[in-house]
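# Topology and contacts: notes
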Amino acid sequence: MSRRRIRLQALRIAIFALAAAFFLVPIGAMFEFSTRGIGVASPRTLSAWAAIPSTPELATAITVSLELALITSLLMLGLLLPTMVWVRLRLPRLNRIVEFICLMPLTVPAIALVVGIKPLYIWISLNFTDSILTLSFAYLILVLPYAYRSLDAGLAAIDLKTLTEAARSLGAGWGTVMLRVVVPNMPAAILNASLLSASLVLGEYTFANLLNYENLQVAIQYVSLVSAGTSIAVAVASLLFAFVLLMILSFAGSRRRRGGRVVPAETPIAPVATVPPSLLAEGS
Amino acid sequence: MDALVKAAKAEGKLTVIALPPDWANYGAVISGFKAKYNIDITSLNPNGSSQDEVNAFDGTSRAPDVVDVGQAVALANTAKFAPYQVKEWSDIPGGAKESTGLWFNDYGGYMGIGYDSTKVPAITSVQDLLGSAFKSKVALAGDPTKSNQGLNGVIMASVANGGSLDDVSKGVDFFKQLKQKGNYVPVVGTAATVKSGQTPVLFEWDYLSASHGKDVPTWKIFVPSNAVIGGYYSQAINKQAPHPAAARLWEEYLYSDEGQNLWLKGGARPVRQAAMTASGTVDKTAAAALPAVPGTPQVPSGDQTSKASQYVVANWSAAVA
Amino acid sequence: MTAAGNPAFNAAARPLGGGRRLPLTWLGVVPFFIYVGIFLLLPTAIILAGSLIGPDGSISLSNFEGINKPYMYKSFTNSIEISTISAVLGAIFGALLAYAVATGDPKGFLRRSVMSAAGVVAQFGGVTLTFAFVATIGTEGFVYLWLQQHGIEMYPNGVWFFDLPGLTLIYLYFQIPLMVLVFIPALDGIRPQWREATESLGGNAWHYWRYVAGPLLFPSFLGCTLLLFANAFSAYATAAALLTQGGVIAPLQVQALLTSETGSSAPGLAKALALAMVAVVLVVMSLYALLQRRTSQWLR
């Protein structure tokens, strides 16, 4: 038994070492470049980094992107979660359809999807509002595949039917069922879904850019054109920013778990993992 | 003019697109305009292509007011522009503008080969690039199948190798040879790749090449005397511009001595340069810093660019991939 | 059991005799379908409509015929090749990394930081990722030069980095973290009882993986691989920065046709291409959905 543990630990260390090398070395190369001076033998400088805070647009863009992330997450929880619960309980035949629809956004490349969605946004701009916050409707679409997967894993881990029937037999309305029974029983899944929504929104570029809005990634593009060093410095900075944000959110999740009302389904199946954030940002 | 200034200030905003700050000194042009008229400027999609600029005309209040596009895109989209003639309209040569003012050239330059003189030997002809000293060093600043700049790089290579503005095949063949010898680096050349040494030899507009001088003090530009390919960009005003007065004021600023000299400082050749030299308002130091034009410039027409583009789109991948 | 004794069952309708149940039950999903209809199905229909409009403005299938060219097919096969390889390799390495993480403390700092890092890196791409890799193993990259100094030549037969193999390697950078994130729930679902059961029956580690955990994890693993495939297939920003050799992969063709400034822009053809890409991924996605069904049976 302990020999197995030692072998396991050795394997883990080897894997982590290789992974660290593969993932951290290129970032190290970026950081190294961003601190280069001009000319071959010049000393290291942080001037590329210093240029970042001096762009006024960046502060607005960060705020706006955080707002978008919040709204998208709330929309996701308010629209997708009740729908999934309802389908599981009352309309199981629709399960496959909903799943398929939630996987669809991954099939259409972002650059093409934005071409299709642009007429809609023009209509919205002309008839309702110009605000960048309307982007959250489009972002929710992009987030669907990952949010669905995360929430689905969470719903599968709890015995939804029994819990809801018990609550309803005690006289709870559907609102109470959702807020005080379902949600507290899947904190990890909800956190994961929110995490991935946040990171997708923070990393999204294509939609904002082609719809003439200025979000965080668009502003970063602009800053990066100030100088060669700044273009790389700002990329590293945004990676660090996103990392810190995700770490904070992951700690927030664990504290909530202790506040469950009904007996939480803490089986090994309960998803503890975060789910992938935007890959469509890659496509941006 | 005063009425225009007042109307523009009342609008208070201007939206421009695809104007990177280090492209022909646009950073200074934008801040100059902001400082002079106190009008806020929103700069969209700085890395966008000319086609992106016109695609952004969506009729909303966030659409760009003015665009700075390549010739092919300008000619193809005149229906979307509003005609306007700046104060100095007569200074712009006849061939460089559309007669009613739908588009008019703003600045141009010549396709050159920029290189880091500490990393490669001095370049005296395009064929030098096939030498072994250039292994894994030669790059383009854009994909020729979609970028105006990239395409003109291939056209220049073609003319320097016996082709012409009507025959771009020699250029594609030249790059094929570069690739076979291992000299071609398919990475898109940017300020970062130049500074890091990833693309020490870069086919680029000479005014953009000039901006690398601040990162690499030993950067030099070579324009082949037998292939001086000129390229001009054009200004146009959005017919449905959300801020029409500010748009026109911006054009006035760009074509004023101040605006034109700022572009000159960025290494580009402003369209009014001849007129300004004659009247003495040109910035003499900046003009002197421009590389000399070693031969007779040739400028591909819209048709020639289209034809070249079609050939390149069909044959480029096979040649260099 | 009378109806009165069970008010919990669908308070909005009679629990028996279903006539009125259906319409009201369907009301619950209406908001979702309206939203999806407007923001997802409508844009897809617009793309479809746009692909059916020929260059002269009439309705025609000429755009789909435009795909019928050798360099278009090549870009599709290139795409499928890169996507498959980066998906399979990403899945294998990602699964290993996920295993290393899952066998640790579920609330520990290591797990949190690896997960957060994976979340960040899975969306990293484009110009800066390309730059980072070129700075590391490009022909001026410090790892390449260091290896060269120590006698190891990375590119003896031409610089493969600037071809599809290089692009595949760069894709792994975000494929592996994605795999870690999607696959970990499956690994979390492994119950210690399985291991104990295997050992009590006299099996060793090999038996455990080959006959117990392996088959149980396999549907999920394959499903995640298919997800990675779709991810790589529609990615283009990284390729756009690395390759100036034209539309080497399908999404680059789409991008070129939408944004080309040299007179070759053709939005109708771009939309037809996008639909062709959707067709490829739909096939992949259907397989994926099927496999997801099988997974959930085993881990309940």
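Residues numbered from 1 in each chain as written. Chains lettered and ligands numbered in written order. Predicted model: local features only at pLDDT ≥ 70, side-chain atom pairs only at ≥ 80, totals over all residues. Heavy atoms only, no water.

### With respect to the pattern of salt bridges
Residues and elements named next belong to chain B.
- Counted according to the given criterion, the structure contains twelve salt bridges over all chains.
- The residue K119 makes a salt bridge to D116 at a minimum N-O spacing of 3.7 Å.
- Where K146 meets D143, a salt bridge forms, and the shortest distance between an N and an O atom there is 3.7 Å.
- Classification of K146 by relative accessible area gives buried; the value is 12%.
- Here the salt bridges share partners, and the residues they tie into one network are D91, D257 and R272. (Salt bridge = Lys/Arg side-chain N within 4 Å of Asp/Glu carboxyl O. Buried < 20%, exposed > 50% of the residue type's maximum accessible area, 1.4 Å probe, protein only.)

### Observations regarding helix α12 (residues 250-259) of chain C
- Burial analysis of α12 of chain C places ten of its ten residues in the buried class, which makes it a mostly covered element.
- Among the residues of α12 of chain C, those classed as buried are A250, P251, L252, Q253, V254, Q255, A256, L257, L258 and T259 of chain C. (Helix = DSSP H or I, 4+ residues; strand = E, 2+ residues; numbered from the N terminus.)

### Description of the confidence of the model for chain C
Residues and elements named next belong to chain C.
- When pLDDT is averaged along chain C, the result is 78; 88% of the residues meet or exceed 70.
- Ranking the elements of chain C by mean pLDDT puts helix α1 (residues 21-27) last with 73 and helix α2 (residues 30-51) first with 90.
- Low confidence marks residues 1-19, where pLDDT is under 50. Its contacts with residues over four positions away, or in another chain, come to 17 contacts.
- Prediction confidence for the complex, expressed as pTM and ipTM, is 0.79 and 0.76 respectively. (pLDDT = per-residue confidence, 0-100. Contact = heavy atoms within 4.5 Å.)

### A look at the packing of helix α3 (residues 56-90) of chain A against helix α8 (residues 174-185) of chain A
Residue and element names in this part refer to chain A.
- Interhelical geometry of α3 versus α8 gives an angle of 100° and a closest axis separation of 12 Å. Taken together, α3 and α8 sit at an angle that is classed as roughly perpendicular. On α8, the residues touching L81, P82, V85, W86, L89 and R90 of α3 are W174, M178, V182 and V183.
- Of the residues in the contact of α3 with α8, the class split is nine nonpolar, no polar and one charged. (Axes fitted to C-alpha atoms, helices over the stretch in contact; angles between N-to-C directions. Parallel < 35°, antiparallel > 145°, perpendicular 65-115°, else oblique. Nonpolar A, V, L, I, M, F, W, Y, C, P; charged D, E, K, R; others polar.)

### Side note on the packing of aromatic side chains
- A full pass over the atoms with the stated rule returns 38 aromatic pairs over all chains.
- With a centroid separation of 5.0 Å and an interplanar angle of 80°, the aromatic rings of F22 of chain A and F23 of chain A are classed as edge-to-face.
- Look at F22 of chain A and Y173 of chain C: their rings are 5.8 Å apart centre to centre, the planes differ by 55°, and that puts the pair in the tilted class. Taken together, the residues F22 of chain A in helix α1 (residues 2-34) and Y173 of chain C in helix α8 (residues 164-188) connect one chain to another.
- Exposure remark for F22 of chain A: the relative accessible area of 23% places this residue in the partly exposed category.
- Members of the aromatic cluster, each reached through a chain of ring pairs, are W23, Y26, Y107, W205, Y207, Y233 and W263 of chain B.
- Taking the ring centre of Y213 of chain A as reference, the NZ or CZ of R62 of chain B above it sits at 3.7 Å.
- Between the NZ or CZ atom of K195 of chain B and the centre of the ring of F33 of chain A, over which it lies, the distance is 5.8 Å. (Phe/Tyr/Trp six-rings, centres within 6.5 Å; stacked < 30°, edge-to-face > 60°. Lys NZ or Arg CZ within 6 Å of the ring centre and 35° of its normal.)

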